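Examination of the molecular architecture
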Amino acid sequence: MMKFNLISFVLCFSIVSLNIVAAQKKTINEKIDSVFRLMTLEEKIGQLNQYNDDWRATGPTTVDNDKVNQIRKGQVGSLLNSLGTERIKSWQNIAMESRLKIPLLFGQDVVHGYKTTFPIPLAEAASWDLEAMELSARIAAIEASAAGINWTFAPMVDITRDPRWGRVMEGAGEDTYLGSKIAYTRIKGFQGKKLGELNSLMACAKHFAAYGAAIGGRDYNSVDMSDRMLWETYLPPFKTAVDAGVATFMNAFNDINGVPATGNKYLQRDILKGKWAFKGFVVSDWGSIGEMVNHGNVKNDYEAALSAITAGSDMDMESRNYKNNLAKLVKDKKIPIALIDDAVKRILKKKFELGLFDDPFRYCNAEREQAALNNPDHPKVARAIAAKSIVLLKNQDQLLPLSKNTKTIAFIGPLVKSLRQNKGFWDVDVPGVDSNFIVSQWEGLQNKISGNTTLLYAKGCDIEGNNTEGFTEAVEIAKQSDVVILSIGERRDMSGEAKSRSNINIPGVQEDLLKVLLATGKPVVVLINAGRPLVFTTVNDAHAILYTWWLGSEAGNAIADVLFGDYNPSAKLPITFPLSVGQIPIYYNHFNTGRPAKNDNNHNYNSSYTDLSIYPKYEFGFGLSYTTFEYSDIHLSKKKMKINEKIEVSLTIANTGKYNGEEIVQLYIRDKVGSIIRPVKELKDFTKIKLNAGESKPIKFYIDKEKISFYNQKLQWQAEPGEFELMIGASSSDIRLRGEFELIR
Ligand code: NOJ
């Protein structure tokens, strides 16, 4: 009886809630219609038009003195790069003078923080810490939404295998599995509980698609790839973005197999809005609609607008092609009005969900803005994730961590005292905030050391150029010290959009400086600050190497935490570090060839270089700790599985060193024989585990059909019966435990 009552209650409750959901859905559609049916064609096209304010143009801009007037006439749907509640409010006020008072959306590249700057996305990815990454995106959203912004053009979920491409800094690295997990996490972080909460930002999965595979690593360049590669390697993070409920997509500058992504119907209509049923809207990249003329895919702007709207690009960022051509395209009967209507409704829906129709100024409260920007907890979180992003690449004779009582430390290098550099490429010029609001590396170290330590400084040299005049002073202070810390690398704007480089060595004479410092015989710790994997020469001879990327506003404190052991480094590389540019593209999950090279000394008609090793400098997943971890006791619950079964994999991890620490345990699988050859290994799971010195813990993974499926020749996602190799380790090369299993019919 009891059971029956419960069931009827549940049924009844579900019917009621279904009805409520239906009613709510209807309500939003009704709301959209209530505005939509009043709109003229010109006003509809206005919603598809996005203009830049006057900050950070990332492409050609049109000086448009008529902007205000156009907003007043309802001919603009969104602005990007407007900063601060005051300015945003003033634009919104103008939109409220328009006939239908449709509010503007305000977009911004909030990529690694707003006021509080977090590590660049590639650095954060090295933490493999999903919780921490969600929190950093959350804080970015809290700050930016309180400053009037509704929409971030992030996360970039492009898979990137070429460190010459400057935008590697903006993604999660080379791996599809890790990249998809991070895509999900960041979207959840930005969007929060739901759109419309005051601290939520619309996220934007970009750049759809395959922008990260630009030929030669040259920005905006063509992409040529098989459909199988596209589906297997480059699309999954985008599909995950849809699953995470991402509000918007951005298409890309590149052409893919000869068709510009912006005018690519296969990508946007067939896959994104068709197969994946994406209900949000797609914005073009900056000017990318007009750029299709340069690609040579369309004759003129009129055709570019036709191509983009037909393909499913809903909003035109800065090219003005929709504004100038859509009405004529309708009049000429080149496009049905239904295409425009669909795009408009998608955009209006987001404006309703954000609550902008209820109150267009709801994100513009100056008091809330100040409170969010000055929240004392935010820098603490930034410091913690910055420390988690630092990768320990070398630690000869356990030079690190340094003692806080070291008598004299020489802190040398062009990046020791720099401020803004630490922020990385996509820092935001927040109004009223000093862009040097940063804990420098110098300050971080000073905060850390005890009164017994003397800290000496010399710049040594510049980041670029040939000037070695500062070497003498640097050597002088090195000689007076117990240990030298050398901070070198790139400038923050050497990696980022349009920052492709053919030479990714450490620039200038910085490695020469290291050489003279090593010659003093003093132990040298090198900090490498960069937005991409760099190629080293002399750095290999340093006693300890920390890859510090660009860590954001708390860089100095985080670096000091790691140098002195208050945080034991746990990060692992999310991208392969090549030995030399000649190896690029180089990535861990490659196929085996028919003539695999077995070692570097045997070039006898096998797949190697005659003048260079085929192995990277540092492999994907690599990173050291101050402690050591032992992997043992692997056990598979069964050795044969049927397609709908699971195998439980258990093992034990022990911290066998002297320090408490965290280990990122990585699980790789190889499908030994496939109708499409399978990579030598693929990351399929990982876990980050915290262990005190001497402690050990059991961990478990599960293998199911998802983990062993791939796209076959017909592009069907399926697993093929046969044998699989299981590898569990501390990096993609440092495999500690192995197992085998079989998928049976
Ligand atoms: C061009 C970049 O490719 C894109 O990622 C960015 O969001 C826009 N510019 C806006 O700044």
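Up top is the structure these notes are about.
What counts as what
- Residues numbered from 1 in each chain as written.
- Predicted model: local features only at pLDDT ≥ 70, side-chain atom pairs only at ≥ 80, totals over all residues.
- Heavy atoms only, no water.
- Helix = DSSP H or I, 4+ residues; strand = E, 2+ residues; numbered from the N terminus.
- Rg over C-alpha atoms; globule rule 2.2 N^0.38 Å.
- Buried < 20%, exposed > 50% of the residue type's maximum accessible area, 1.4 Å probe, protein only.
- Contact = heavy atoms within 4.5 Å.
- Areas by Shrake-Rupley, 256 points an atom, 1.4 Å probe, with all protein chains shown as cover.
- Arc of directions from axis to C-beta.
- Pairing = 2+ DSSP bridges.
- Axes fitted to C-alpha atoms, helices over the stretch in contact; angles between N-to-C directions.

On a plain count of helices and strands, the chain comes out with 21 helices and 26 strands. Its C-alpha atoms give the chain a radius of gyration of 27 Å, near enough to 27 Å, the size a compact globule of 745 residues would have. On the principal axes, the C-alpha backbone points of the chain span a range of 80 × 65 × 65 Å. Taking all 745 residues of the chain together, 60% fall into the buried category. Sequence separation of 24 or more characterises 78% of the internal contacts of the chain that already satisfy a separation of 6 or more. When the accessible area of the chain is evaluated, it comes to approximately 29000 Å², of which 50% is carbon and sulfur surface.

When we look at burial in helix H13 (residues 321-331), the residues that qualify are Asn321, Tyr322, Asn325, Leu326, Leu329 and Val330. Along the axis of H13, the buried positions cluster into a sector of 140°, meaning they face one direction only. Residues of H13 that are buried in the fold lie against helix H2 (41-47), helix H12 (301-311), strand E10 (316-317) and helix H14 (337-353). Looking one or two residues past H13, lysine 333 carries a phi angle of roughly 60°, positive in sign.

On to the sheet that holds strand E17 (residues 629-636). Pairing is antiparallel across the open sheet formed by three strands, whose spatial order is E17-E19-E22. The open sheet has two free edges, formed respectively by E17 and strand E22 (696-703), since each of these has just one partner strand. Adjacent strand axes in the sheet meet at a mean angle of 25°, parallel and antiparallel pairs treated alike. Bridge count for E17 against strand E19 (residues 647-655) is six bridges, and the pairing is antiparallel. Across the sheet, glutamate 630 pairs through a bridge with alanine 654, a residue of E19.

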